[in-house]
Amino acid sequence: MQSSPYGLETLWVQGDFVTKGVALLLISMSIASWYVIVTKALQLWRYGRAGKAAGHHFWDTTSVNEGLTTLGKDNPFADIAQAGVGAMRHHTAHKGHLHDQLSVSDWVTLSLRQAIDEASGKLQTGMAVLASVGSSAPFVGLFGTVWGIYHALVSIGTMGQASIDKVAGPVGEALIMTALGLAVAIPATFGYNALVRGNKAVIAKLNKFGFDLHALFVTGARTELANQESAGSSKLVALRGA
């Protein structure tokens, strides 16, 4: 079966090193963007499950240590809870040194905020790749198109023929580069927007969980609003009761 004279195969075979370089760059950008989209989507799915555990199961336990078990490992909610526990222990162990400088509320706030900021930074990992691909891929493809059309016009001028059958092939092959650029940029842009929304939802849950943890460690109970939302099902006691 004879291959199409206007297809990708012909573009690759007849293209020069610039055309092939642009094609390889677009393929690399596509692979990188899809890798980020898939890995970040799986990350958000895991964090979503951890967020449900942090919003319900954690507060249904009878001690902080038992609550930490429900959060599992390798997720920001567990890291924030661990940071709060570590802050309480550190403040208690160094009470004589820290008492005159920072109250337990301030110390726990700083520790929880640092843990939340670290989790937010991890959520943003890879987003710059999607933003860069989404914004630059169309222009990379356009560069390949301009380069291809330039060579097509040079070839036509050399042969001295400008009939449709002579123009359609080279120009069509050049326009394929624009299509490739759009095919790379569109998924990256949609993926970026979807992941940004997912990250914002997770960060909102992290802030709420951190606020409830702060109230727990400082006052010994969650906030009144949080207790009302849980319909009185929360059994978790303060750290000193763990």
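The structure displayed is predicted, hence computed values, not measured ones.

Caption draft 1: A look at the overall build of the protein. Helix and strand content of the protein: nine helices and zero strands. The order of α-helices and β-strands along the protein, N terminus first, is α-α-α-α-α-α-α-α-α. Counting only contacts in the protein whose residues sit at least 6 apart along the sequence, the fraction spanning at least 24 positions is 75%. Element-wise, carbon and sulfur atoms account for 64% of the exposed surface of the protein, whose accessible area totals about 13800 Å².

Caption draft 2: Summary view of the side chain of Ser-111. Note that Ser-111 resides in helix α6 (residues 104–124). Ignoring sequence-local partners within four residues, the contact set of Ser-111 consists of Ala-83 and Ala-87.

Caption draft 3: Focus on α6. The end-to-end C-alpha distance of α6 is 30 Å, a good match for the 30 Å that 21 residues give at a rise of 1.5 Å each. Within the sequence span of α6, burial applies to Val-108, Ser-111, Leu-112, Ala-115, Ile-116, Ala-119, Ser-120 and Leu-123. Following α6 by one or two positions, Gly-126 has its phi on the positive side, about 90°.

Caption draft 4: Focus on the pattern of salt bridges. Scanning all chains against the criterion turns up two salt bridges. Put simply, Arg-113 and Asp-117 hold a salt bridge, and the shortest N to O gap is 3.6 Å. Here the residue Arg-113 and the residue Asp-117 both occupy positions in helix α6, the gap between them amounting to four residues, near one helical turn. Under the relative-accessibility criterion, Arg-113 is labelled partly exposed at 39%. One salt bridge connects Lys-208 with Asp-212, and the closest N-O pair in it is separated by 3.3 Å. Separated by four residues within a single helix, Lys-208 and Asp-212 lie in helix α8 (residues 164–219), roughly one turn from each other. What makes Lys-208 partly exposed here is its relative accessible area of 38%.

Caption draft 5: Expanded view of the packing of helix α2 (residues 17–55) against α6. Contact pair α2 / α6: the axes reach a minimum separation of 10 Å and the direction vectors enclose 145°. Here Lys-40, Gln-43, Leu-44 and Tyr-47 of α2 lie close against α6, whose contacting residues are Lys-122, Leu-123 and Gln-124. Here the residues of the contact of α2 with α6 are counted per class, giving three nonpolar, two polar and two charged.

Caption draft 6: Fine view of the nonpolar core. Counting 46 residues, the largest nonpolar core has Leu-26, Leu-71, Ile-80, Phe-209 and Leu-213 as the members making the most contacts within it. If you list the elements that add at least two residues to this core, you get α2, α3 (64–71), α4 (76–93), α6, α7 (127–159) and α8. By residue number, the principal contributor to this core is α2, which donates twelve residues. If we skip the residues at most four places from it in the chain, Ile-80 touches Leu-112, Ala-115, Ile-116, Leu-206, Phe-209, Gly-210 and Leu-213.

Caption draft 7: Highlighting α3. Taken as a whole, α3 has its buried residues at Val-64, Gly-67, Leu-68 and Leu-71. With its buried residues spanning 105° around the axis, α3 presents them on a single face. One or two residues past the end of α3 sits Gly-72, with phi positive at roughly 75°.

Caption draft 8: Looking closely at the confidence of the model for the protein. Here the protein averages 77 in pLDDT, while 74% of its residues score no lower than 70. Helix α9 (residues 224–229) is the least confidently modelled element of the protein, averaging 49 in pLDDT, while α2 averages 87, the highest of any element. Per-residue pLDDT stays below 50 along residues 228–242; that stretch engages in 35 contacts with residues further than four places along the chain or on separate chains.

Rules behind the numbers
Residues numbered from 1 in each chain as written. Predicted model: local features only at pLDDT ≥ 70, side-chain atom pairs only at ≥ 80, totals over all residues. Heavy atoms only, no water. Helix = DSSP H or I, 4+ residues; strand = E, 2+ residues; numbered from the N terminus. Contact = heavy atoms within 4.5 Å. Areas by Shrake-Rupley, 256 points an atom, 1.4 Å probe, with all protein chains shown as cover. Expected span 1.5 Å × (residues − 1). Buried < 20%, exposed > 50% of the residue type's maximum accessible area, 1.4 Å probe, protein only. Salt bridge = Lys/Arg side-chain N within 4 Å of Asp/Glu carboxyl O. Axes fitted to C-alpha atoms, helices over the stretch in contact; angles between N-to-C directions. Nonpolar A, V, L, I, M, F, W, Y, C, P; charged D, E, K, R; others polar. Core = buried A, V, L, I, M, F, W, Y, C linked by side-chain atoms within 4.5 Å. Arc of directions from axis to C-beta. pLDDT = per-residue confidence, 0-100.

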